[in-house]
Every structure is written in structure tokens, then in C-alpha cells.
Amino acid sequence: MDEALIADLRQLLRADVERIHQPDESEISQTAARRLEAVAEHSPAFICLLAEPWLGADITDRTGGLLRDCARIHLYARILDDAVDEQGPLYRHNLLRAQPLFWEAVQNIGAAVPATVAGEAAHLIAETVSAVQIDDRERNPLYWGAKNHHLLLIPLLLSGNSPAYQDCRRELSALIALVQAGDEWRQGEMNQNRLRSEFIEFLVDCLNTEKLAVLSRNGWPAATERIVWNARQLFDVLCG
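What counts and how
- Residues numbered from 1 in each chain as written.
- Predicted model: local features only at pLDDT ≥ 70, side-chain atom pairs only at ≥ 80, totals over all residues.
- Heavy atoms only, no water.
- Helix = DSSP H or I, 4+ residues; strand = E, 2+ residues; numbered from the N terminus.
- Rg over C-alpha atoms; globule rule 2.2 N^0.38 Å.
- Buried < 20%, exposed > 50% of the residue type's maximum accessible area, 1.4 Å probe, protein only.
- Contact = heavy atoms within 4.5 Å.
- Polar contact = N/O pair within 3.5 Å; in protein donor to acceptor, adjacent residues only side chain to side chain.
- Phe/Tyr/Trp six-rings, centres within 6.5 Å; stacked < 30°, edge-to-face > 60°.
- Salt bridge = Lys/Arg side-chain N within 4 Å of Asp/Glu carboxyl O.
- Core = buried A, V, L, I, M, F, W, Y, C linked by side-chain atoms within 4.5 Å.
- pLDDT = per-residue confidence, 0-100.
- Expected span 1.5 Å × (residues − 1).
- Arc of directions from axis to C-beta.

## Describing the overall build of the protein chain
When you go through the protein chain residue by residue, the secondary structure sums to 11 helices and 0 strands. The globule rule puts the C-alpha radius of gyration for 240 residues at 18 Å, and the 18 Å found for the protein chain is close to it. Each of the three principal axes of the protein chain carries a C-alpha extent, and together these read 45 × 45 × 30 Å. Of all 240 residues assigned to the protein chain, the portion counted as buried reaches 44%. Sequence-distant contacts, at least 24 apart, represent 77% of the contacts inside the protein chain between residues at least 6 apart.

Below, the structure written as C-alpha cells:
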């Protein structure tokens, strides 16, 4: 893992949070700050995991720039989600203040990739929106990866929508879903028998050795290990 890059992304996102969130002494403000600070603290390592094939000593300026823009889009997704789900003008004001950051990131991406890849990126965002709406109507583990598919912008853009990315897209989505599932479990969602049963079936599919071997061969060995680790942790808490 590229610790220098992770530190750089953390510094970027922390500075963005400071510009966007104007704190006061209220409990709502403190909660909002903790949620955004958690994104700045924890998401850079996961972003680098998704970018694994393109990291190393010879990382290019283009790769670094795209990762910074994708990190900012992930922060924006958190701000948008809070503005939709939470009560109070503070979250809406944060969303308004995040608009310049969002537009700068989108413009940078549009300038860095071919039009066909930019079109695929727009399709990913449409998938994200659709999955959120479906999961909001009835919780479904099959959509927990898709409702965070803005994170797939990272391998999509870096690969130029390559065949290797296409071969690994489902497993990368599963990795995202497993991280989301940890949040769902901590929030008590897995207490529902239907959800628990459906998710255990999903976990079994995540551990398909042939699919994991394809992911590892195409440059994501650490992501492969993370899938196995997360899946086993979730098996332990759900079936132990």
C-alpha cells in the first residue's frame, strides 16, 4: 500500500472538509463533522486498494490526479447522502458549499479521459442512483455494492474501461458491498432473518475461488485478500 499517497489523499480531504463544514457547538454539527472526518480518515486506503494495479514507484501524475478527483467525488457522495437522509439546514448548506469541489473534480475527469470512458462514468453514477432508490424501498444485499458504484470510477477511469477491468468489475463491486455490509451490520440491519439469509448466500458467491483468482491475476492481490478477510469476518458474526 502506498502510504505517501494515502497521506496525501487524507490531507486533501481534510482540507476540503474544513472548507465545506462550518462547525458550531450543536450536536448536529458535531455529528456531521465526525461523518465527514471519517471519510477523510478511512477512504484513502480503500481508494488505493481499488487503484492497486496502477500504484507503485512509477505512479504517474495522471493517476494521482484522477485519484484525487475520485476521492473528492466520494466525499461529495457522503455529503449528498447526508443532505438527503438527515434533517436540518446544516446538511443542505454543506451540500451547497461542496458544489465547486464537485464541479472541479468532474471537469478534471472529463479532460483526462476519452468521451467513451466519460460516458461509462456517467453510467456508473446512474447505477448508483438507481441502486440507492431500490435499496431504500426494500433492503437488498445485492444492491449494496451498486449503491456505492461511484467508487468504481477509480478502476474504470484508470483502466480506460479495459477488458481486465470488465473481467474484475463484479468482484470489485463485491468488495465495495462487503465494506457496506459491515456498516449495515453495525446498524442492526442484519437482525432481519430475510436479509441475513440473502447476505449469507452473497458471501458464499464472494468466495468463489475462480473469480478471486481472476481478480488477483489482473493486479488486485491485496483486494482479493481483503474480500476473503471481510467475508470471513462477516461469516463469523452472522453464523458464529
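## Remarks on helix α10 (residues 209-217)
Where α10 begins, one side-chain oxygen reaches toward the backbone nitrogen of Glu-210, 3.0 Å away; that side chain belongs to Asn-208. Downstream of α10 by one or two residues, Gly-219 has phi in the positive range, about 110 degrees.

## Some points on the packing of aromatic side chains
Tallying each qualifying case throughout the model produces 5 aromatic pairs. Taken together through their ring pairs, the aromatic side chains of Tyr-76, Phe-102 and Trp-103 make up a single cluster.

## Focus: the pattern of salt bridges
One side chain can pair with another of opposite charge once the charged atoms of both are near each other. One pass over the full model with this rule turns up 14 salt bridges. Of the charged contacts in the structure, one is a salt bridge between Glu-41 and Arg-14, with a shortest N-O distance of 2.5 Å. Taken as a pair, Glu-41 in helix α2 (residues 27-50) and Arg-14 in helix α1 (residues 3-20) lie far apart in primary sequence, 27 residues in all. Between Asp-135 and Lys-147 there is a salt bridge, with the nearest N and O atoms lying 2.9 Å from each other. Of this pair, Asp-135 sits in helix α6 (residues 115-137) while Lys-147 is found in the loop between α6 and α7 (153-159), placing the two residues 12 residues apart along the sequence. With respect to class, Asp-135 is no different from Lys-147; both count as buried. Here the salt bridges do not stand alone but share partners, grouping Asp-16, Arg-19, Arg-72 and Glu-104 into one network.

## A word on the nonpolar core
Residues Leu-75, Ile-154, Leu-157, Leu-178 and Phe-199 are the most contacted members of the largest nonpolar core, which totals 67 residues. When residues no more than four places from it in sequence are discounted, the contact partners of Leu-157 are Arg-62, Leu-66, Cys-70, Ile-109, Val-113, Val-117 and Ala-121.

## Notes on the confidence of the model for the protein chain
Looking at the protein chain as a whole, its pLDDT mean stands at 92, while 98% of the residues score no less than 70. The lowest-confidence element of the protein chain is helix α9 (residues 193-206), averaging 85 in pLDDT; the highest-confidence one is α7, averaging 98.

## Side note on helix α5 (residues 99-112)
Along its 14 residues, α5 runs 20 Å from first to last C-alpha, staying within 8% of the 20 Å computed at 1.5 Å per residue. Residues of α5 that are buried include every one of Leu-101, Ala-105 and Ile-109, and no others. An end-on view of α5 places all buried positions within 65 degrees of arc, on one side of the element. Among the exposed residues of α5, those oriented more than 90 degrees off its buried face are Pro-100, Gln-107 and Ala-111. Turning to α5, the residues buried within the fold contact α1, α3 (61-85) and α7.

## Quick notes on the side chain of Asn-148
Looking at the element boundaries, Asn-148 is found in the loop between α6 and α7. Only 3.1 Å separates the side chain of Asn-148 from the backbone oxygen of Trp-144, close enough to count as a polar contact. Setting aside chain neighbours within four positions, we find Asn-148 in contact with Thr-128, Ile-176 and Gln-180.

## What about unusual backbone geometry?
Backbone geometry places Asn-161, a non-glycine residue, at a positive phi of 60 degrees. Looking at where Asn-161 falls in the secondary structure, it is placed in the loop between α7 and α8 (163-186). A relative accessible area of 24% places Asn-161 in the partly exposed class.

## Quick notes on the environment of Leu-151
Tracing the backbone shows Leu-151 in the loop between α6 and α7. Here the alpha-carbon distance between Leu-151 and Ala-71, two residues 80 residues apart in the chain, equals 8.6 Å.

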